[in-house]
Amino acid sequence: MQIVSDPAERLSRWLEAEAGIADARIVRRLTGGNANVTSLVESASGPMVLRHPPADTVSDLAGAGIAREFRFISAIAGKAPVAEPILFCDDSEVLGAPFSLTRFVRGAAITDTLPAGYADDVATRDAVGHALIDAIASVHAIKPVPEGLGDADKARNFVSRQIERWRGVRAAHAVRDLPLIETLGAWLADNAPAPEAVRIVHCDYHLDNVLMDLAEPKVLAILDWEMATLADPLVDVGLVTAMWNRDENLPLGFAFVQRVSNVAGVVGGADLARRWANATGLSIDRLGYFQAFALWRLAAIVEGAYVLFREGQVDGPYERGLEHDVPALLDAARRIARGEGMA
């Protein structure tokens, strides 16, 4: 038997033997994709997207993220906009790590500018916001929750468990004074509401994690499901609305996120939340709490990368930017929490 050392060749042979997909070849890396390697694969069956953990960070947890992503999009496909799942492989002999393949979606990831085919006006930006919230509403409308995605009873305590976890992590690995991690975390813990519903939750939902149609404001696919879970769907609504149409006169954490919405007259986050409520039939009475929770949680998570930067383990523009981004996210969370009754 011939031993094939090239990973791309191993992938090609495996796909043809196991899935009948011929002439597969890795063409190029794709941008985005967060912590995983994302590549374009051409084949006789059409273009696909290959996702796998980086070679230098392969671990059971890294592989679990790819498996989780594929499991969730497989459950969602046909009910909400996600890339068509093709296959998942946990045989490390093929690429050295678990990997997934989905159908390639040709679309635009929007940050601070609209695609060339869009009119550059407030109405178009409103339509982008409406499409964004409608897409996640279609995910949250999936019920009953498909089997195999998690423990629904445990999911009811997702918010409290996340607060406890990240307060503990940040207390144990602190490299600078961030008092809001603890004071705001304590307030969030004391005021955590019981969920009205438990649904599929993306857990990192914002405009940068969707692909929009190139010609019109329409979500073609929600991307990056590694953090997906079961929880109160307001976890998603809180993040996407808290970072929509932000005031550029304030310090902004991750200012590029949804910056296209930061224009006078554009529909506000609260309006998007009301649209979501009308679509799902769920309440947004505690929207402010979940906005504060989402920004606090994001700050607590990404502070981990800043810790690595301060310890000399990483050094890039993203990590350096966290010196500003984390405190700005915490300040925004505090402003929202004060409107919810935080002292």
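Residues numbered from 1 in each chain as written. Predicted model: local features only at pLDDT ≥ 70, side-chain atom pairs only at ≥ 80, totals over all residues. Heavy atoms only, no water.

Novice: Summarise the pairing of strand β3 (residues 48-52); cite the residues concerned and give the values.
Specialist: Most of β3 sits out of view: 5 of its 5 residues are buried. Burial along β3 is two-sided: the face carrying M48, L50 and H52 and the face carrying V49 and R51 are both buried. Pairing analysis gives 5 bridges linking strand β2 (residues 37-42) to β3, with the strands arranged antiparallel. Along β3, the bridge assignment pairs V37 with H52. Where β2 folds back on β3, the antiparallel hairpin that results is connected by 5 residues, among which G46 adopts a positive phi of roughly 105 degrees. Where β3 lies against strand β5 (residues 99-103), 4 bridges are found, and the strand directions are antiparallel. Within β5, the position partnered with V49 by the bridge is T102. (Buried < 20%, exposed > 50% of the residue type's maximum accessible area, 1.4 Å probe, protein only. Helix = DSSP H or I, 4+ residues; strand = E, 2+ residues; numbered from the N terminus. Pairing = 2+ DSSP bridges.)

Novice: How would you sum up the side chain of D208? Please name residues and give values.
Specialist: The topology assignment puts D208 in the loop between β6 (199-201) and β7 (210-212). Here D208 occupies a buried position and makes no salt bridge, while the nearest side chain of opposite charge, R246, is found at 7.7 Å. (Lys, Arg positive; Asp, Glu negative; His and termini not counted. Salt bridge = Lys/Arg side-chain N within 4 Å of Asp/Glu carboxyl O.)

Novice: Account for the side chain of D224, naming residues and giving values.
Specialist: Here D224 shows up in the loop between β8 (219-222) and β9 (229-231). Classification of D224 by relative accessible area gives buried; the value is 9%. A distance of 3.1 Å separates polar atoms of two side chains, one belonging to D224 and the other to R51. (Polar contact = N/O pair within 3.5 Å; in protein donor to acceptor, adjacent residues only side chain to side chain.)

Novice: Help me get a handle on the packing of aromatic side chains, residues and values and all.
Specialist: All told, the structure shown has 7 aromatic pairs when counted by the stated rule. Ring centres of W14 and F99 lie 5.6 Å apart, and the angle between their planes is 80 degrees; this geometry places the pair in the edge-to-face category. In this pair, W14 is assigned in helix α1 (residues 7-19) and F99 in strand β5, connecting sequence segments 85 residues apart. F99 matches W14 in its accessibility class, with the two residues each being buried. Ring centres 6.0 Å apart and planes at 65 degrees place the aromatic pair F254 and F256 in the edge-to-face group. Its relative accessible area of 7% is what places F254 among the buried residues. Given the relative accessible area of 44%, F256 is considered partly exposed. Sitting over the ring of Y306, R176 keeps its end group 3.9 Å from the ring centre. (Phe/Tyr/Trp six-rings, centres within 6.5 Å; stacked < 30°, edge-to-face > 60°. Lys NZ or Arg CZ within 6 Å of the ring centre and 35° of its normal.)

Novice: Can you lay out the packing of helix α7 (residues 179-190) against helix α10 (residues 287-310) for me, pointing to particular residues and giving the numbers?
Specialist: Where α7 contacts α10, the two axes come as close as 11 Å, and the packing angle between them is 145 degrees. In this structure, the crossing between α7 and α10 has a hand that is left-handed. Only Y289, A292, F293, W296 and A300 of α10 make contact with α7, whose side of the interface consists of L180, I181, L184, G185, W187 and L188. Here the contact of α7 with α10 is built from residues that sort into 10 nonpolar, 1 polar and no charged. (Axes fitted to C-alpha atoms, helices over the stretch in contact; angles between N-to-C directions. Left-handed = near helix turned anticlockwise from the far one by under 90°. Contact = heavy atoms within 4.5 Å. Nonpolar A, V, L, I, M, F, W, Y, C, P; charged D, E, K, R; others polar.)

Novice: Residues and numbers for the pattern of salt bridges, please.
Specialist: In the structure shown here, the tally under the stated rule is 13 salt bridges. Because the salt bridges share partners, they merge into one network encompassing R51, E69, D224 and E226.

Novice: Can you tell me about the sheet that holds β5, naming the residues and giving the values?
Specialist: Paired through their backbone hydrogen bonds, the strands of a sheet run either parallel or antiparallel. An order of β1-β2-β3-β5-β4 is seen for the 5 strands of this open sheet, with the pairing classed as antiparallel. If you trace the sheet from one side to the other, it starts and ends with β1 (25-29) and β4 (85-89), each paired once. Here the strands of the sheet are splayed against their neighbours by 25 degrees on average, with no regard to which way each runs. Across the sheet, α1 touches β1, β3, β4 and β5, and the angle it forms with β4 is around 115 degrees.

Novice: Could you give an account of the environment of R156, with specific residues and numbers?
Specialist: Relative to the helices and strands, R156 resides in the loop between α5 (152-155) and α6 (158-172). With a relative accessible area of 40%, R156 lands in the partly exposed category. For the pair R156 and P193, spaced 37 residues apart in the sequence, the C-alpha separation amounts to 9.8 Å. Residue contacts for R156: discarding those within four places in its chain leaves P195 and V198. Engagement of the side chain of R156 in a polar contact is seen with the backbone oxygen of P195, the distance being 3.2 Å.

Novice: Requested: an account of a negative patch on the surface, with residues and values cited.
Specialist: On the surface, E18, D90, D91 and E93 cluster together to form a negatively charged patch. Along the polypeptide, E93 turns up in helix α3 (residues 92-95). A relative accessible area of 62% places E93 in the exposed class. (Patch = residues over 30% accessible without salt bridge, like charges linked within 9 Å, V, L, I, M, F, W, Y side chains within 5 Å. Areas by Shrake-Rupley, 256 points an atom, 1.4 Å probe, with all protein chains shown as cover. Charge placed at Lys NZ, Arg CZ, Asp CG, Glu CD.)

Novice: Provide a residue-level description of the environment of L214, including the pertinent values.
Specialist: Tracing the backbone shows L214 in the loop between β7 and β8. With a relative accessible area of 45%, L214 lands in the partly exposed category. As for L214 and A108, which are separated by 106 residues in sequence, their C-alpha atoms are 5.9 Å apart. Those residues within four positions of L214 in sequence are excluded, and the remaining contacts are R106, G107, A108, P115, G117 and Y118.

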